[in-house]
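For reference, the chains in residue letters:
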Amino acid sequence: MTNIYKIHNELIVHDPTHDQLTLLQNIDPGFRVESIRPGSGFVPRFQDLRRQRITLDRPAFDFDIPELLSAIEQSDKSVHCHECDPDKIHEYSALGILFVIACKRLIDCTLCGRQCNINRYEKAGQCGLTTTPFNIDPFIHIAEEAPINPAFVISYSGCGMGCVSCIERALYKSSDYLKTDHKAFWERYARLKQEHDINTVEFSNLTESVHSVLDILSAAPMDMNLPIVANVHLYSGKPLYEIALRFVDVWLVDFRYGNDECAKRLSGIDNYMEYARLGMDQIKGFGSRSIVRILVLPNHLDCCLKPIVDILSEYKDRIWVSILGQYIPEHNAHRFEDINRRPTVEEIRALEEYSRKRGLRLVDSVHADRFWE
Ligand code: SF4
């Protein structure tokens, strides 16, 4: 859902769609919808998983069959994959099995760094979620990074982070979220795709609702051949990667802080750096591609932004980096003097310069042409 801000002499368009194209070109005559596409033979990983059949004598993803059956029995029928039926486990696709594993993870949830260890079939975790997923109406975002742009985006409610400047919390009321429905998702996709170009399908806030993502993918058209993008905070637990690394084509991760103190003060979370490191180590390989976003927080160049770049330089040959100057002091940011303003042009340039000096590949540079190689 698009939102337009006027802050001093700046006009900022948040999550623009095709409807705002003229406006964007009035603000910046050089604006165009940039897109770098995978080759015509690209097959998203989930479609391969869908074709793989699991048999009773062949364990799937290190889970044995009795363990899976017990997971299915414990699952709430309201979260039910159309492919999964306990009586037909020998007919399951690998994608269906992955869905069952994701449901099992909700029984003792450690999908994010909050490590609630609670049964989401019985109560909500600190993210506010039980097993029922909710989302904002999916839309086509026309100003994402070129390799994923334009992206058909579904944004889930519920997040393990508690950012004081969260733009989603500022913009949306609970009534803006609909119960996630895979049929409605693919109907909207088909309708919008007839009118507009789409390069990728992006799941935003995937960590806490990964079971729903798999449910949606198991109902995708068989000829859907666009890359799947996981837009996630870097505060996910290992169980999330064990599932998502199997089907995600592009990781779009948000590296927010360079130390635990800032993460605690501004997002209310513990051990952020440990989880950020875990995430970077997990996504650096495994056949997927990664774009790491750094949102330029005002007044955090030395404590957060440069240390993030220093860490990313250890992964520089495996990732692309996107520096975002679009921070807006939303939600409760006005209570924190250091982040209660937009970043300056000087802060953004200083970070870009430092990133280049440390050898990072910026996704808006010529390097991005090689993204799909
Ligand atoms: S996703 Fe995170 S916050 Fe939500 S229940 Fe699981 S561990 Fe807790």
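The following refers to the structure shown. Just so it is clear, the structure is predicted and the values come from calculations on it, not from any experiment.

Points about the packing of helix α11 (residues 301-312) against helix α12 (residues 345-357)
Here is step 1: Two numbers describe how α11 lies on α12: the axes approach to 10 Å, and their chain directions differ by 30°. Regarding the angle of α11 to α12, the classification is roughly parallel. In this structure, α11 crosses over α12, and the sense of that crossing is right-handed. Residues L301, L305, K306, V309 and D310 of α11 form the contact with α12, whose own contacting residues are E347, A350, L351, Y354 and S355.
Here is step 2: Here the contact of α11 with α12 is composed, by residue class, of 6 nonpolar, 1 polar and 3 charged.

Points about the site of the ligand
Here is step 1: The ligand sits among C109, L111, C112, R114, Q115, C116, R120, G125, Q126, C127 and E208.
Here is step 2: Taking a 2 Å distance to the grid points as the criterion, the majority of the atoms of the ligand fall inside the largest cavity.

Thoughts on helix α9 (residues 260-267)
Here is step 1: Restricting attention to buried positions, one finds in α9 the residues C262, A263, L266 and S267. One face of α9 carries all of its buried residues, which in axial projection span an arc of 100°.
Here is step 2: Buried residues along α9 sit in contact with α10 (272-283) and α11.
Here is step 3: The residue sitting at the N-terminus of α9 and contributing the capping side-chain oxygen is N259; that oxygen lies 3.0 Å from the backbone nitrogen of E261.
Here is step 4: The positive-phi residue at the C-terminal boundary of α9 is G268, with phi of around 65°.

Details of the packing of helix α4 (residues 94-105) against helix α7 (residues 210-217)
Here is step 1: Where α4 meets α7, the axes come as close as 8 Å, and the angle between the chain directions of the two elements is 160°. Classified by the interaxial angle, the pair formed by α4 and α7 is roughly antiparallel. Here α4 and α7 pass one another in a crossing that is left-handed. Taking contact as the criterion, the partners of L95, L98, F99, A102 and C103 in α4 are, on α7, V210, H211, L214, D215 and L217.

Rules of the game
Along each chain, numbering runs from 1 in the same order as the chain's sequence is written. Only residues with pLDDT of at least 70 are given local features in this predicted model, and only at 80 or more are side-chain atom pairs given and counted; all residues enter the totals for whole chains, interfaces and linings. With hydrogens and water excluded, all non-hydrogen atoms of the structure serve as input to the side-chain values. As a rule, the C-alpha atoms of each element are fitted with a line to give its axis, helices using only the stretch in contact, and angles between N-to-C directions run from 0 to 180 degrees. Only DSSP runs of H or I covering at least 4 residues are called helices, and only runs of E covering at least 2 are called strands; the numbering of each starts at the N terminus. Roughly parallel here means an angle under 35 degrees, roughly antiparallel means over 145, roughly perpendicular means 65 to 115, and every remaining angle is called oblique. Note: crossing handedness is left-handed where the near helix turns anticlockwise from the far helix by less than a right angle, and right-handed where it turns clockwise. Whether two residues touch is decided by their heavy atoms; if any such pair falls within 4.5 Å, the residues are in contact. Classification convention: Asp, Glu, Lys, Arg as charged; Ala, Val, Leu, Ile, Met, Phe, Trp, Tyr, Cys, Pro as nonpolar; all other residues, Gly among them, as polar. Any residue with at least one heavy atom within 4 Å of a molecule or strand is counted as near it. Think of a 1 Å grid over the protein atoms and nothing else: a 1.4 Å probe that fits but is trapped marks a cavity, an open set flanked by protein within 12 Å on at least five of seven lines marks a pocket, and residues with an atom within 4 Å of a point count as lining. Just a note on the criterion: a molecule sits in a pocket or cavity if more than half of its atoms are within 2 Å of the grid points. Each residue gets one of three labels from its accessible area relative to the maximum for its type: buried under 20%, exposed over 50%, partly exposed in between, using a 1.4 Å probe on protein chains only. The directions from the helix axis to the C-beta atoms are what the arc is built from. Polar contact is defined as a pair of N or O atoms within 3.5 Å, subject to the rule that within protein one atom must be able to donate a hydrogen and the other to accept it, and that residues adjacent in sequence are counted only when both atoms are side-chain atoms.

Nothing here speaks to function; it is geometry throughout.
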